[in-house]
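# Inside the fold
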Amino acid sequence: MSRHSFIYGAFVLLLASLCNRIIGFIYQILMIRLIRPEGVGLFNMIYPIYVLILVLASAGIPVAIAKLIAEEVARGNLWGAYRVFSVAFWWIVACSLFFTLILILGLPFLQNYIFPNPKVYYCFLSLIPGIIIVSLCSAFRGFFQGLQQMTPTAISQVAEQMVRVIAGLGIAWLMLPRGIEYAAMGISLGVVLGEFVGFMFMLAIYSKKRPYLPPLSAYCPVPVITVTGQIFNLAIPVTLTRFVSTAFLTIDAMLIPRRLQIAGMDLNEATGVYGQFVGIAESLLFTPSIVTISLATALVPAVSDALAKNDLPLVRVRTEEALRLTMLAGLPATAIFLLLPRELCRIIFGYADASTALGVLALGGPFLYLQQTTTGILQGLGRAERPLRNLLIASVFKVTGIYYLTSTLGIRGTALSFCVAYMIMALLNYRDLKNIIGLRLDFGYCLGKPLVATAGMAGVMSYVRQFIMSFGELSFFDLLVVLFLGGVTYLFLLLLSGGIHGHDLRRLTSFLGWRS
């Protein structure tokens, strides 16, 4: 069976994420303009609750599938890999059915005590069928990720996103005359339809592309209870990490609109400002996640594979390279968000006021991207409890900040609270990596050179921006010119300083396997 390298897997997911991010950006722009920030705010008030139930329904099992299958394949035990997948799949079926039933029974409670705006009920109701669909699909994605074959996940994600955008916007447009809450319900229906199509793609790929088992010789099946123990030893910490993360996102969604009302806004205004925060500012901030999340996904089996071979130096090499790539993508994006927040929000989305939050959020950008990558590494090391602890600490600071700062500083206080949380978790994750694998980064190579190139890029962009603004406000074409010149400067300075090398480009262009 052919094994795909870590760089190849990350690059495939990067391409899919880039495609999805472009589609998603167009989707976000059209959605903001179609259902306005209030409608986006309604959808994002209940979406974290939906994701929270998804976390419980999948129970962290897909990550366990990826890690355990990677270990079995590294040992040449394909029968053992299928054994893990079979047991894990039926656990996901049971968990997803159970939590879907619990959610249906708990809807009256959510409606009366949790939802901050009564208009979100139908929007949330439309999402419920997606719980089983997404949970089952995640099992197949974990299977192929464990084989370090990221193409099936990439294909299904692109198909899912395409349907989500077309169906969501189409249904929202048809429902808009009935009210903003029905338009938000259309967005929810688009999400579920997209997830269903993605699942169908995964089933088709699995039926045709899964590796065939060799003839059975002396293989003795591991007892179900043993496999179950292996799965949940990893899945439980992962679930707790994601549960804590999503639970705090849910708290954010419930708390921010209420604290904005304390700051003097009415319900509809608070919903709209919250919609700008999550639908515009955070959407822009998370753009570099096409790199960091792809790295984090590919790192789980890649690091597990290296550990199964007791190759700690390879773990360090892959970790350092992942952190370097994170900085290469994250630092220039941060500079763009700091220099051009108003232009980005006004020209792309049509709501310049969202720049208030984006300008503050940008300060935490590098820490957010490091947090995502280091979490993937720690999970690949089988130490998922560390990100859980770190997330818990960071989230306590975030919620405390939201409670006190939002009511006094408005949405700026919310954004500042998020920045503090990103910084705390990134630093705690890095400290854990130093302690566990003895990581010693070359800061000049991983951080210094990208930082110098970013500073040069920022200088060029600032000068060009001021020159153009001397003739009037920036247009869309002007923004593209500023970004293009800044990007060219950044790449030139990286090449000049040795921040990127020929072998980096060869890896991306020829899909060469990892060579350490």
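Use the structure listed above.
Here is a short report on the structure shown in this document. (Residues numbered from 1 in each chain as written. Predicted model: local features only at pLDDT ≥ 70, side-chain atom pairs only at ≥ 80, totals over all residues. Heavy atoms only, no water.)

## Here's the deal with the overall build of the chain
Per the secondary structure count, the chain includes 19 helices and 0 strands. Long-range pairs, those at least 24 residues apart, make up 85% of the contacts in the chain between residues at least 6 apart in sequence. (Helix = DSSP H or I, 4+ residues; strand = E, 2+ residues; numbered from the N terminus. Contact = heavy atoms within 4.5 Å.)

## Some thoughts on the side chain of Ser 355
In this structure, Ser 355 sits in helix α13 (residues 355–361). We classify Ser 355 as buried; its relative accessible area is 11%. Side-chain polar atoms of Ser 355 contact the backbone oxygen of Ala 352, separated by 2.7 Å. With near-sequence residues (within four places) excluded, Ser 355 lies in contact with Pro 341, Arg 342 and Cys 345. (Buried < 20%, exposed > 50% of the residue type's maximum accessible area, 1.4 Å probe, protein only. Polar contact = N/O pair within 3.5 Å; in protein donor to acceptor, adjacent residues only side chain to side chain.)

## What about the packing of helix α9 (residues 267–285) against helix α16 (residues 411–437)?
At their nearest, the axes of α9 and α16 sit 11 Å apart, and the two run at 40 degrees to each other. In this view, α9 runs oblique relative to α16, as classed from their interaxial angle. The crossing of α9 and α16 is right-handed. Two secondary-structure elements touch here, α9 through Val 273, Phe 277, Glu 282 and Leu 285 and α16 through Ile 411, Thr 414, Ala 415, Phe 418 and Tyr 422. By residue class, the composition of the contact of α9 with α16 is 7 nonpolar, 1 polar and 1 charged. (Axes fitted to C-alpha atoms, helices over the stretch in contact; angles between N-to-C directions. Parallel < 35°, antiparallel > 145°, perpendicular 65-115°, else oblique. Left-handed = near helix turned anticlockwise from the far one by under 90°. Nonpolar A, V, L, I, M, F, W, Y, C, P; charged D, E, K, R; others polar.)

## Let's talk about the packing of aromatic side chains
Remark: the centre distance and the inter-plane angle together describe each pair of aromatic rings, the angle taken between the planes. Tallied over the full model, the rule gives 21 aromatic pairs. Judged by centre distance (6.4 Å) and plane angle (80 degrees), the ring pair of Phe 144 and Tyr 206 falls under edge-to-face. With Phe 144 in helix α5 (residues 130–146) and Tyr 206 in helix α7 (residues 180–209), the pair connects residues that are 62 residues apart, well separated along the chain. For the pair shown, Phe 144 and Tyr 206 are each scored as buried. These aromatic residues form a ring-pair network of at least three members: Tyr 82, Phe 85, Phe 89, Trp 90, Phe 140, Phe 143, Phe 144, Phe 199 and Tyr 206. The ring of Phe 418 carries the charged tip of Lys 398 above its face, separated from the ring centre by 4.8 Å. (Phe/Tyr/Trp six-rings, centres within 6.5 Å; stacked < 30°, edge-to-face > 60°. Lys NZ or Arg CZ within 6 Å of the ring centre and 35° of its normal.)

## Focus on unusual backbone geometry
At Arg 36, a position not held by glycine, the phi torsion is positive, near 65 degrees. Residue placement: Arg 36 occurs in helix α1 (residues 6–58).

## Digging into the nonpolar core
Formed by 137 residues in total, the largest nonpolar core has its most connected members in Ile 231, Leu 284 and Phe 337. In contact with Leu 284, not counting residues within four places along its chain, are Phe 25, Phe 337, Leu 344, Cys 345, Ile 348, Phe 349 and Leu 358. Ala 306, Leu 314, Leu 433 and Tyr 445 belong to the second-largest nonpolar core, a separate cluster that totals 14 residues. (Core = buried A, V, L, I, M, F, W, Y, C linked by side-chain atoms within 4.5 Å.)

## Description of the environment of Ile 437
Among the structural elements, Ile 437 can be located in helix α16. A relative accessible area of 2% places Ile 437 in the buried class. For the pair Ile 437 and Pro 313, spaced 124 residues apart in sequence, the C-alpha separation works out to 8.8 Å. Residues contacting Ile 437, with those up to four places away along its chain left out, are Leu 312, Val 315, Arg 316, Thr 319 and Leu 381.

## Section: a nonpolar patch on the surface
Nonpolar side chains collect at one region of the surface, where Ile 393, Phe 397, Leu 409, Leu 416 and Val 420 lie side by side and expose about 410 Å² of accessible area between them. Mapped by element, the contributors of at least two residues to the nonpolar patch are α15 (385–409) and α16. It is α15 that contributes the most residues to the nonpolar patch, 3 residues altogether. As for its position among the elements, Ile 393 is in helix α15. Exposure remark for Ile 393: the relative accessible area of 35% places this residue in the partly exposed category. (Patch = residues over 30% accessible without salt bridge, like charges linked within 9 Å, V, L, I, M, F, W, Y side chains within 5 Å. Areas by Shrake-Rupley, 256 points an atom, 1.4 Å probe, with all protein chains shown as cover. Salt bridge = Lys/Arg side-chain N within 4 Å of Asp/Glu carboxyl O.)

## Remarks on helix α14 (residues 365–380)
Helix length check: α14, at 16 residues, gives a terminal C-alpha distance of 23 Å against a target of 22 Å (1.5 Å per residue), a fit within 8%. With 14 of 16 residues buried, α14 lies mostly within the body of the structure. Trailing α14 by a residue or two, Gly 382 shows a phi angle of about 75 degrees, which is positive. (Expected span 1.5 Å × (residues − 1).)

## A few points about α5
Across its 17 residues, α5 extends 24 Å between first and last C-alpha, which sits within 8% of the 24 Å expected from 1.5 Å per residue. Where α5 ends, the next residue or the one after it, Gln 148, has phi of about 60 degrees, a positive value.

## Here's the deal with the environment of Leu 103
Tracing the chain through its elements places Leu 103 in helix α3 (residues 78–114). Aside from chain neighbours lying at most four places away, what touches Leu 103 is Ile 53, Leu 110, Phe 124, Ile 128 and Ile 131.

## Some points on the packing of α5 against helix α6 (residues 151–175)
Following both chains from N to C, one finds α5 and α6 inclined at 145 degrees, their axes separated by 9 Å at the closest point. Across from Arg 141, Phe 144 and Gln 145 in α5, the residues of α6 making contact are Pro 152, Thr 153, Ser 156, Gln 157 and Glu 160. When grouped by side-chain class, the residues that make up the contact of α5 with α6 number 2 nonpolar, 4 polar and 2 charged.

## Things to note about the pattern of salt bridges
Once their charged atoms are close, side chains differing in charge can pair, the charge on each being opposite to the other. A full pass over the atoms with the stated rule returns 7 salt bridges. With a closest N to O distance of 3.5 Å, Lys 119 and Glu 38 form a salt bridge. Remark: Glu 38 occurs in helix α1 and Lys 119 occurs in the loop between α3 and α4 (121–125); sequence separation between them is 81 residues. With relative accessibility at 17%, the residue Glu 38 sits in the buried group. Across the pair Glu 160 and Arg 141 runs a salt bridge whose closest N-O atoms are separated by 3.1 Å. Placement of Glu 160 in helix α6 and of Arg 141 in helix α5 is noted, with a sequence separation of 19 residues between them. According to the relative accessible area criterion, Glu 160 is buried, its value standing at 18%.

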